[in-house]
Number of protein chains: 2
Amino acid sequence: MSDDCVMPLSDVQAEACPIVQIIDRVAGKWSVSILVAATRGPVRYTELERSIPGISRRMLTLTLRNLERDGLLERTVYPTVPPKVEYRATESARGLYGHLTGLLEWAEQHRPDIIEARMEYDRAQALAA
Amino acid sequence: MSDDCVMPLSDVQAEACPIVQIIDRVAGKWSVSILVAATRGPVRYTELERSIPGISRRMLTLTLRNLERDGLLERTVYPTVPPKVEYRATESARGLYGHLTGLLEWAEQHRPDIIEARMEYDRAQALAA
DNA sequence: CAGAATCCGTGAAGATACTG
DNA sequence: CAGTATCTTCACGGATTCTG
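In this text the structure is predicted, and so the values were computed from the model without any measurement.

Looking along a regular strand, one sees side chains alternate from face to face of the sheet. Residues and elements named next belong to chain B. Summarising the sheet, strand β2 (residues 73-78) and strand β3 (residues 84-89) pair through six bridges and their orientation is antiparallel. Its bridge partner lying in β3, Arg-75 is registered against Tyr-87. Where β2 folds back onto β3 in an antiparallel hairpin, the turn is made up of five residues.

Quick look at helix α2 (residues 19-27) of chain B now. Of all nine residues that make up α2 of chain B, eight are buried, and the element is covered over most of its length. Within the span of α2 of chain B, buried status applies to Val-20, Gln-21, Ile-22, Ile-23, Asp-24, Arg-25, Val-26 and Ala-27 of chain B.

Once that is clear, we can look at the packing of helix α7 (residues 97-128) of chain A against α2 of chain B. Packing of α7 of chain A against α2 of chain B leaves a shortest axis separation of 9 Å and a crossing angle of 95°. When the axes of α7 of chain A and α2 of chain B are compared, the pair comes out roughly perpendicular. Where α7 of chain A abuts α2 of chain B, its residues Leu-103, Leu-104, Trp-106, Ala-107, Glu-108, Arg-111, Ile-114 and Arg-118 of chain A lie against Ile-19, Gln-21, Ile-22, Ile-23, Arg-25, Val-26 and Ala-27 of chain B. Residues belonging to the contact of α7 of chain A with α2 of chain B are distributed by class as follows: 10 nonpolar, one polar and four charged.

So, on to the relation of the copies chain B and chain A. By a simple turn and slide, chain B fits onto chain A: the slide is 0.0 Å along the axis, the RMSD is 0.1 Å, and the turn is 180°. Such a combination of rotation and displacement between the chain copies is what one expects of a two-fold axis. When C-alpha positions in chain B are compared against the rotation axis, the closest is assigned to His-99 of chain B, at 2.4 Å. Both copies present the same face, since 93% of the interface residues in chain B are matched by interface residues at the equivalent positions in chain A.

Analysis parameters
In every chain, residue numbers begin from 1 and rise along the written sequence. As they are written, the chains are lettered A onward and the ligands numbered 1 onward, keeping that order. Per-residue local features are limited, in this predicted model, to residues with pLDDT of at least 70; the limit for side-chain atom pairs, both in listing and counting, is 80 or more; totals at the level of whole chains, interfaces and linings are taken over all residues. Where side-chain values are given, they derive from all heavy atoms of the structure, hydrogens and water being excluded. Pairing between strands requires that DSSP locate at least two bridges from one strand to the other. Helix and strand definitions follow DSSP, with helices as H or I runs of at least four residues and strands as E runs of at least two, each counted in order from the N terminus. We call a residue buried when its accessible area falls under 20% of the maximum for its residue type, exposed when it is over 50%, and partly exposed in between, using a 1.4 Å probe and counting protein chains only. The axes used here are C-alpha line fits, helices contributing only the stretch in contact, and every angle between their N-to-C directions lies in the interval 0 to 180 degrees. What sets the label is the angle itself: under 35 degrees gives roughly parallel, over 145 gives roughly antiparallel, 65 to 115 gives roughly perpendicular, and the rest give oblique. Two residues form a contact once any of their heavy atoms are found within 4.5 Å. Side-chain classes follow a simple rule in which Ala, Val, Leu, Ile, Met, Phe, Trp, Tyr, Cys and Pro form the nonpolar group, Asp, Glu, Lys and Arg form the charged group, and the remainder, Gly included, forms the polar group. Copies overlap after least-squares fitting; the atoms used are the C-alpha atoms of residues with pLDDT of at least 70 in both.

In structure tokens, the structure reads:
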């Protein structure tokens, strides 16, 4: 236990950008849908807004910015009138596609189970109170 | 993670559980590590606390409760002294293992790229200002 | 050991209105 | 169309204390 020597390099890097943070960015609530869509093909802003139920403009913009900042999305502006902006997944982000769609499939398949498990848990909890 | 969604039974459950919420629960910041560990084998509370850097007691407990509530974790208490509590992934949660470990692998492999992309983005942003 | 309970600061997230 | 700007609310998450 008492390993009070120098902190390994891996831990230092982990502190600068912990793996948990990357997971959150890449598999976060809104990121999943965006990354999947942007991997299938270039998508426009409003297109994303319509295809992701429940997302607000602010959160869409924020998530897009963050994904772009991390080098997962590429943003292309066409200076037309009205303006046109396309987002597409970068090469490194494409490796996520399989896992993310897998997650989405799992979620859809198990949604009924989750809803029921939740109700049962809450019911048991209500009885205890 | 919308952790405090302990909605009353009167709610319309079918629509109150969007796919995005499931994704958040299942692939959330802390859930990933917990689910992966609990799939590999039964894990104890303190064991999880030690193996997940950066997690607080509160978040560990909260995430465990939510995962249990959704039927993804099974909690077993052994009435020994001192008490022993084990968490293990349920059958339905095991289907997530491949996708989650895939995400973790991707994250580890691309961490250097992300760190650099982030620095470059910030540098470009600083120049624009 | 494995939590529960409490307080509290910070940031996430929504709603709305505005703009080039 | 593709965003900003502003305001507000609420939940995340840390720190601490207590307990069976």
